[in-house]
Amino acid sequence: MRDDITVCMTMGRRPDLLRRTLDSLRPDIDGLAVLAINDFGDEATNEVFAEICPQGRRLDLGGRVGHHRAVDALYSAVTTPYIFHLEDDWLFTRHGFLPEARRLLDSDPSLSAVCFRGMTEFAEHAARDESRRRVVSDAGAYVRLDDLHREWHGFTFNPHLARKALWQSLGGFSGFKKERHVSRHVRSLGQVIAYASPGACAHIGEDDSVSVAKVPIEKRLKNWFLRS
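Now for a description of the structure that goes with this document.

**A look at the side chain of N158**
With respect to the secondary-structure elements, N158 resides in the loop between β8 (140-143) and β9 (160-163). The residues contacting N158, other than those within four sequence positions of it, are H85, W90, C115 and R117.

See the structure below:
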(Lines give C-alpha, C1' and ligand atoms only; values in the text may rest on other atoms or scores of the structure.)
Protein backbone atom coordinates (compact mmCIF):
# COMPACT_ATOMS: atom_id res chain seq x y z
CA MET A 1 0.00 0.00 0.00
CA ARG A 2 2.85 2.41 0.69
CA ASP A 3 3.56 2.60 -3.05
CA ASP A 4 -0.09 3.29 -3.94
CA ILE A 5 -0.79 6.53 -2.04
CA THR A 6 0.62 10.04 -2.49
CA VAL A 7 0.08 12.76 0.11
CA CYS A 8 -0.98 16.08 -1.43
CA MET A 9 -0.99 19.11 0.86
CA THR A 10 -1.82 22.76 0.38
CA MET A 11 -0.23 25.08 2.92
CA GLY A 12 0.78 28.64 3.63
CA ARG A 13 1.00 31.44 6.22
CA ARG A 14 0.34 29.12 9.17
CA PRO A 15 3.66 27.47 10.05
CA ASP A 16 2.61 26.70 13.64
CA LEU A 17 -0.52 24.87 12.49
CA LEU A 18 1.46 23.09 9.79
CA ARG A 19 3.88 21.81 12.43
CA ARG A 20 1.02 20.43 14.54
CA THR A 21 -0.56 18.82 11.48
CA LEU A 22 2.62 17.10 10.31
CA ASP A 23 3.61 16.02 13.83
CA SER A 24 0.25 14.30 14.25
CA LEU A 25 0.69 12.50 10.93
CA ARG A 26 4.24 11.18 11.24
CA PRO A 27 3.40 7.44 11.62
CA ASP A 28 0.85 7.52 8.81
CA ILE A 29 2.88 9.29 6.11
CA ASP A 30 6.21 7.64 6.84
CA GLY A 31 7.27 5.93 3.62
CA LEU A 32 4.68 7.72 1.47
CA ALA A 33 5.42 10.13 -1.36
CA VAL A 34 4.57 13.65 -0.17
CA LEU A 35 3.81 16.62 -2.43
CA ALA A 36 3.04 20.11 -1.13
CA ILE A 37 2.42 23.55 -2.52
CA ASN A 38 2.61 26.90 -0.75
CA ASP A 39 0.49 29.25 -2.84
CA PHE A 40 1.33 32.12 -0.48
CA GLY A 41 5.09 31.69 -0.70
CA ASP A 42 6.03 32.48 2.91
CA GLU A 43 9.42 31.14 3.95
CA ALA A 44 8.36 30.23 7.50
CA THR A 45 5.95 27.62 6.13
CA ASN A 46 8.51 26.27 3.67
CA GLU A 47 11.07 25.88 6.45
CA VAL A 48 8.69 23.92 8.69
CA PHE A 49 7.77 21.62 5.81
CA ALA A 50 11.43 20.96 4.96
CA GLU A 51 12.27 20.31 8.62
CA ILE A 52 9.48 17.87 9.46
CA CYS A 53 8.99 16.28 6.05
CA PRO A 54 12.45 16.10 4.44
CA GLN A 55 11.28 13.33 2.13
CA GLY A 56 8.62 15.63 0.71
CA ARG A 57 8.70 17.62 -2.50
CA ARG A 58 7.44 21.19 -2.58
CA LEU A 59 6.11 22.50 -5.89
CA ASP A 60 6.75 26.15 -6.72
CA LEU A 61 4.59 27.63 -9.48
CA GLY A 62 6.35 31.00 -9.36
CA GLY A 63 3.45 32.96 -7.88
CA ARG A 64 -0.13 32.85 -6.64
CA VAL A 65 -2.42 30.71 -8.78
CA GLY A 66 -5.41 30.08 -6.46
CA HIS A 67 -6.51 27.00 -4.59
CA HIS A 68 -8.04 24.92 -7.40
CA ARG A 69 -5.16 25.48 -9.80
CA ALA A 70 -2.67 24.73 -7.02
CA VAL A 71 -4.38 21.42 -6.28
CA ASP A 72 -4.46 20.58 -9.99
CA ALA A 73 -0.70 21.16 -10.12
CA LEU A 74 -0.21 18.80 -7.18
CA TYR A 75 -2.40 16.06 -8.62
CA SER A 76 -0.73 16.36 -12.03
CA ALA A 77 2.52 15.28 -10.37
CA VAL A 78 0.96 12.20 -8.73
CA THR A 79 1.86 8.80 -10.16
CA THR A 80 -0.04 6.62 -7.66
CA PRO A 81 -3.69 5.50 -7.95
CA TYR A 82 -4.71 7.04 -4.58
CA ILE A 83 -4.32 10.54 -3.17
CA PHE A 84 -4.41 11.49 0.51
CA HIS A 85 -5.46 15.13 0.36
CA LEU A 86 -5.17 17.59 3.24
CA GLU A 87 -4.43 21.17 4.23
CA ASP A 88 -2.15 22.58 6.92
CA ASP A 89 -4.68 23.01 9.72
CA TRP A 90 -5.85 19.56 10.80
CA LEU A 91 -4.94 17.60 13.91
CA PHE A 92 -5.02 13.83 13.43
CA THR A 93 -6.17 11.99 16.51
CA ARG A 94 -5.66 8.34 15.59
CA HIS A 95 -3.55 6.26 13.24
CA GLY A 96 -4.15 3.47 10.74
CA PHE A 97 -6.96 5.30 8.94
CA LEU A 98 -5.40 5.11 5.45
CA PRO A 99 -5.58 1.30 5.07
CA GLU A 100 -9.15 1.42 6.36
CA ALA A 101 -10.09 4.05 3.77
CA ARG A 102 -8.38 2.15 0.98
CA ARG A 103 -10.43 -0.96 1.76
CA LEU A 104 -13.66 1.04 1.67
CA LEU A 105 -12.83 2.65 -1.67
CA ASP A 106 -11.87 -0.70 -3.17
CA SER A 107 -15.13 -2.23 -1.99
CA ASP A 108 -17.58 0.27 -3.44
CA PRO A 109 -17.18 2.36 -6.63
CA SER A 110 -20.07 4.62 -5.55
CA LEU A 111 -17.84 6.11 -2.84
CA SER A 112 -16.05 9.16 -4.23
CA ALA A 113 -13.75 9.53 -1.22
CA VAL A 114 -13.32 8.61 2.41
CA CYS A 115 -13.23 11.77 4.53
CA PHE A 116 -11.45 11.66 7.89
CA ARG A 117 -13.25 14.55 9.59
CA GLY A 118 -15.02 13.36 12.73
CA MET A 119 -18.77 13.66 13.23
CA THR A 120 -18.32 15.99 16.21
CA GLU A 121 -17.06 18.54 13.68
CA PHE A 122 -20.45 18.72 11.97
CA ALA A 123 -23.79 20.17 12.95
CA GLU A 124 -25.28 18.80 16.15
CA HIS A 125 -28.03 16.83 14.43
CA ALA A 126 -25.51 15.08 12.17
CA ALA A 127 -23.41 14.01 15.15
CA ARG A 128 -26.47 13.02 17.15
CA ASP A 129 -27.80 10.82 14.34
CA GLU A 130 -24.45 9.22 13.54
CA SER A 131 -25.70 5.74 14.44
CA ARG A 132 -28.67 6.07 12.09
CA ARG A 133 -26.43 7.13 9.22
CA ARG A 134 -23.73 4.55 9.92
CA VAL A 135 -23.13 1.91 7.26
CA VAL A 136 -21.45 -1.37 8.15
CA SER A 137 -19.96 -3.38 5.29
CA ASP A 138 -17.49 -6.22 4.93
CA ALA A 139 -14.82 -3.60 4.21
CA GLY A 140 -15.54 -1.56 7.35
CA ALA A 141 -17.88 1.03 8.81
CA TYR A 142 -18.56 4.56 7.66
CA VAL A 143 -21.15 7.32 7.90
CA ARG A 144 -23.16 8.90 5.07
CA LEU A 145 -24.36 12.51 5.31
CA ASP A 146 -25.66 13.00 1.78
CA ASP A 147 -29.26 13.00 3.00
CA LEU A 148 -28.59 16.31 4.78
CA HIS A 149 -28.08 18.39 1.64
CA ARG A 150 -28.72 18.04 -2.09
CA GLU A 151 -25.33 19.40 -3.18
CA TRP A 152 -22.80 18.71 -0.44
CA HIS A 153 -21.21 15.39 0.59
CA GLY A 154 -20.30 14.36 -2.92
CA PHE A 155 -16.81 15.82 -2.59
CA THR A 156 -14.83 17.81 -0.06
CA PHE A 157 -11.36 19.33 0.28
CA ASN A 158 -11.37 18.30 3.94
CA PRO A 159 -8.78 15.55 4.57
CA HIS A 160 -9.69 12.48 2.56
CA LEU A 161 -8.47 9.56 0.52
CA ALA A 162 -9.68 9.38 -3.07
CA ARG A 163 -8.77 7.73 -6.34
CA LYS A 164 -6.71 9.87 -8.69
CA ALA A 165 -9.12 8.66 -11.38
CA LEU A 166 -11.87 10.81 -9.81
CA TRP A 167 -9.86 13.98 -10.38
CA GLN A 168 -9.01 12.86 -13.91
CA SER A 169 -12.67 12.21 -14.71
CA LEU A 170 -13.53 15.77 -13.61
CA GLY A 171 -10.92 17.28 -15.90
CA GLY A 172 -9.30 18.81 -12.84
CA PHE A 173 -10.73 21.30 -10.34
CA SER A 174 -9.91 24.51 -12.18
CA GLY A 175 -13.10 24.29 -14.21
CA PHE A 176 -15.18 24.60 -11.03
CA LYS A 177 -15.63 27.93 -9.28
CA LYS A 178 -16.29 26.59 -5.79
CA GLU A 179 -15.98 23.38 -3.80
CA ARG A 180 -19.74 22.92 -3.68
CA HIS A 181 -19.84 22.91 -7.48
CA VAL A 182 -17.41 19.99 -7.50
CA SER A 183 -19.54 18.22 -4.92
CA ARG A 184 -22.73 18.82 -6.88
CA HIS A 185 -21.17 17.42 -10.05
CA VAL A 186 -19.83 14.33 -8.30
CA ARG A 187 -23.25 13.66 -6.81
CA SER A 188 -24.79 13.92 -10.26
CA LEU A 189 -22.52 11.02 -11.19
CA GLY A 190 -24.03 8.93 -8.38
CA GLN A 191 -21.09 9.11 -5.99
CA VAL A 192 -21.01 10.22 -2.35
CA ILE A 193 -18.51 10.62 0.46
CA ALA A 194 -17.96 8.00 3.12
CA TYR A 195 -17.01 9.56 6.46
CA ALA A 196 -14.60 7.42 8.45
CA SER A 197 -16.17 5.93 11.58
CA PRO A 198 -14.62 6.78 13.93
CA GLY A 199 -13.24 10.00 12.47
CA ALA A 200 -9.51 10.62 12.46
CA CYS A 201 -9.01 14.39 12.55
CA ALA A 202 -10.29 17.73 13.80
CA HIS A 203 -10.02 21.22 12.33
CA ILE A 204 -7.63 23.50 14.19
CA GLY A 205 -7.55 26.46 11.78
CA GLU A 206 -11.03 27.86 12.24
CA ASP A 207 -9.75 31.07 13.83
CA ASP A 208 -6.68 31.40 11.62
CA SER A 209 -7.99 31.40 8.06
CA VAL A 210 -5.59 32.52 5.35
CA SER A 211 -8.55 33.83 3.38
CA VAL A 212 -9.59 36.47 5.92
CA ALA A 213 -7.08 39.02 4.64
CA LYS A 214 -8.56 38.78 1.14
CA VAL A 215 -11.94 40.09 2.29
CA PRO A 216 -12.22 43.91 2.25
CA ILE A 217 -12.76 45.46 5.66
CA GLU A 218 -16.11 46.95 4.55
CA LYS A 219 -17.45 43.51 3.65
CA ARG A 220 -16.11 41.96 6.87
CA LEU A 221 -17.88 44.64 8.92
CA LYS A 222 -21.09 44.12 6.96
CA ASN A 223 -20.93 40.36 7.55
CA TRP A 224 -20.28 40.95 11.25
CA PHE A 225 -23.38 43.17 11.56
CA LEU A 226 -25.50 40.62 9.67
CA ARG A 227 -24.42 37.87 12.06
CA SER A 228 -25.08 39.97 15.18
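So much for the structure itself; the text now carries on.
**Overview of the pattern of salt bridges**
Scanning the entire structure with this criterion turns up 13 salt bridges. The salt bridge involving R102 is made with D106; its shortest N-O contact spans 3.0 Å. A residue pair is termed a helical-turn pair when its members lie 3 or 4 positions apart in one helix, as R102 and D106 do in helix α4 (residues 97-107) at four residues.

**Focus: the sheet that holds strand β2 (residues 33-38)**
Ordered in space as β3-β2-β1-β4-β9-β6-β10-β8-β7, the nine strands form an open sheet in which the pairing is mixed. Each edge of the sheet is formed by a strand with only one pairing partner; in this case those strands are β3 (57-59) and β7 (134-137). Between one strand and the next, the sheet's axes are offset by a mean angle of 30°, whatever the strand orientation. When strand β6 (residues 111-115) meets strand β10 (residues 192-196), the two strands line up parallel, connected through four bridges. Residue pairing in the sheet places L111 in a bridge with V192 of β10. Packing of helix α2 (residues 43-52) onto the sheet brings it into contact with β1 (5-11), β2 and β3, and relative to β2 it is tilted by some 170°. Along the sheet face, α4 touches β1, β4 (82-87), β6, β7, β8 and β9 and points at about 165° away from the line of β6.

**Considerations on the nonpolar core**
When a protein is soluble and globular, its nonpolar side chains tend to lie buried together. In this structure, F84, F116 and L161 are the most contacted members of the largest nonpolar core, which totals 36 residues. Here this core gets five residues from one element, more than from any other, and that element is α4. Apart from the residues lying within four places of it in its own chain, the contact partners of L161 are I5, Y82, I83, F84, L98, A101, R102, L105, A113, V114 and F116. Counting residues in each nonpolar core, the second largest holds 20 residues, with I37, A73, Y75 and F173 among its members.

**Here's the deal with unusual backbone geometry**
In this structure, P198 follows S197 across a cis peptide bond, with omega equal to 5°. Along the chain, P198 turns up in the loop between β10 and β11 (201-203). The phi dihedral of R13 is positive, around 70°, even though this residue is not glycine. As for its position among the elements, R13 is in the loop between β1 and α1 (15-29). Phi at H153 is positive, roughly 70°, even though this residue is not glycine. Its place among the elements puts H153 in the loop between β8 and β9.

Calculation notes
Residues numbered from 1 in each chain as written. Predicted model: local features only at pLDDT ≥ 70, side-chain atom pairs only at ≥ 80, totals over all residues. Heavy atoms only, no water. Helix = DSSP H or I, 4+ residues; strand = E, 2+ residues; numbered from the N terminus. Contact = heavy atoms within 4.5 Å. Salt bridge = Lys/Arg side-chain N within 4 Å of Asp/Glu carboxyl O. Pairing = 2+ DSSP bridges. Axes fitted to C-alpha atoms, helices over the stretch in contact; angles between N-to-C directions. Core = buried A, V, L, I, M, F, W, Y, C linked by side-chain atoms within 4.5 Å. Buried < 20%, exposed > 50% of the residue type's maximum accessible area, 1.4 Å probe, protein only.

Purely geometric numbers; function is a separate question.
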